[in-house]
Amino acid sequence: MDRNLQKSGVVNLLVLLGVGVAAFVVARMGQSLSGQMAAFFTGIGALVAAVSWFQMRLEDRERLEKLEFDELNRSKSSSGLFQAQDVEGFPAQRARVQFQKWAVPVFAVLLALLEGVLAYGWWRYLARPETVVMSKPPLVTLSLF
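Residues numbered from 1 in each chain as written. Predicted model: local features only at pLDDT ≥ 70, side-chain atom pairs only at ≥ 80, totals over all residues. Heavy atoms only, no water.

J.: Looking at this model, I keep getting lost on the overall build of the chain. Mind explaining?
T.: For the chain, the count of helices and strands is four helices and zero strands. Ordered by position in the sequence, the α and β elements of the chain form the string α-α-α-α. Out of the 145 residues belonging to the chain, those deemed buried represent 23%. As presented, the chain carries roughly 10000 Å² of accessible surface, and 67% of it is formed by carbon and sulfur atoms. (Helix = DSSP H or I, 4+ residues; strand = E, 2+ residues; numbered from the N terminus. Buried < 20%, exposed > 50% of the residue type's maximum accessible area, 1.4 Å probe, protein only. Areas by Shrake-Rupley, 256 points an atom, 1.4 Å probe, with all protein chains shown as cover.)

Okay, structure coming up:
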């Protein structure tokens, strides 16, 4: 994994957080309910960016671990300790495999549930008769979105 990919992942995460907060502030000031909902889903996108950045870090650690292993095998003074090719000798690889096996599917299910609950709750909130769906300064809010 290239350092540029990790840097891009962090930049992606920070941009999504910044855009989500800015969109929420603008939507609250303009009383735009659809803008608030878009800000919430942008925040969920930031969660996805955080998990993907973490996975990129795990893959980078695994790559470095394999490079160290190959370097130890190439050296003339390699001992029998580093000649096994099994997975138990590679903790970074084991961590990445476990993360992809368990954490990613659980996160995907939780993310789908969160999005569903958020959409349903917002739909119920908008269905209430006392909810006013009118933007205070609509042109300013529209121009910022």
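From this point, the narrative continues.
J.: Would you mind showing me how to read the side chain of Gln 6 here?
T.: Looking at the secondary structure, you find Gln 6 in helix α1 (residues 3-29). When sequence neighbours within four positions are dropped, the list of residues in contact with Gln 6 reads Trp 53, Met 56, Arg 57 and Asp 60. (Contact = heavy atoms within 4.5 Å.)

J.: Mind showing me how you'd approach the pattern of salt bridges here?
T.: It is possible for side chains of opposite charge to pair when their charged atoms get near one another. Evaluation of the coordinates by the stated rule reveals four salt bridges. A salt bridge links Glu 62 to Arg 96, with the nearest nitrogen and oxygen atoms 2.3 Å apart. Of this pair, Glu 62 sits in helix α2 (residues 33-74) while Arg 96 sits in helix α3 (residues 91-127), and the two are 34 residues apart along the sequence. You can call Glu 62 buried: its relative accessible area is 8%. The partner of Arg 74 in a salt bridge is Glu 71, with the nearest N and O atoms 3.3 Å apart. One end of the pair, Arg 74, and the other, Glu 71, are both in helix α2, three residues apart, so they sit about a helical turn from each other. Judged by its relative accessible area of 48%, Glu 71 is partly exposed. Residues participating in the shared-partner salt-bridge network are Glu 62, Lys 66 and Arg 96. (Salt bridge = Lys/Arg side-chain N within 4 Å of Asp/Glu carboxyl O.)

J.: Just to check I follow, could you spell out the packing of aromatic side chains for this structure?
T.: The relative placement of two aromatic rings is captured by the distance of their centres and the angle of their planes. Scanning the model with the defined rule gives six aromatic pairs in all. Considering the side-chain rings of Phe 69 and Phe 90, the 5.0 Å spacing of their centres and the 80° angle between planes classify their relative orientation as edge-to-face. Note that Phe 69 is positioned in helix α2 and Phe 90 in the loop between α2 and α3, a separation of 21 residues in sequence. The exposure classification of Phe 69 matches that of Phe 90, with both residues buried. With a centroid separation of 5.7 Å and an interplanar angle of 45°, the aromatic rings of Trp 122 and Tyr 125 are classed as tilted. Taken together, the positions of Trp 122 and Tyr 125, both in helix α3 and three residues apart, correspond to about one turn of that helix. (Phe/Tyr/Trp six-rings, centres within 6.5 Å; stacked < 30°, edge-to-face > 60°.)

J.: Even after reading the chapter, I still don't get a nonpolar patch on the surface, so can you show me in this structure?
T.: A cluster of nonpolar side chains, Val 106, Val 109, Leu 110 and Leu 113, forms an exposed patch at the surface whose accessible area comes to about 380 Å². Topologically, Val 106 is positioned in helix α3. Judged by relative accessible area, Val 106 falls into the partly exposed class, the value being 46%. (Patch = residues over 30% accessible without salt bridge, like charges linked within 9 Å, V, L, I, M, F, W, Y side chains within 5 Å.)

J.: I keep staring at the confidence of the model for the chain and nothing clicks. Help me out?
T.: Detailed reading of the predicted model is not advised wherever pLDDT is low. Mean pLDDT over the chain: 85, with 84% of residues reaching 70 or higher. Helix α4 (residues 138-144) is the least confidently modelled element of the chain, averaging 77 in pLDDT, while α3 averages 94, the highest of any element. (pLDDT = per-residue confidence, 0-100.)

J.: Could you clarify how one ought to interpret the packing of α2 against α3 in this entry?
T.: Helices that pack against each other are described as a pair by the angle of their axes relative to one another and the distance between those axes. Contact pair α2 / α3: the axes reach a minimum separation of 10 Å and the direction vectors enclose 180°. Looking at the two axes, α2 sits roughly antiparallel to α3. Tallied by class, residues from the contact of α2 with α3 come to 23 nonpolar, four polar and seven charged. (Axes fitted to C-alpha atoms, helices over the stretch in contact; angles between N-to-C directions. Parallel < 35°, antiparallel > 145°, perpendicular 65-115°, else oblique. Nonpolar A, V, L, I, M, F, W, Y, C, P; charged D, E, K, R; others polar.)

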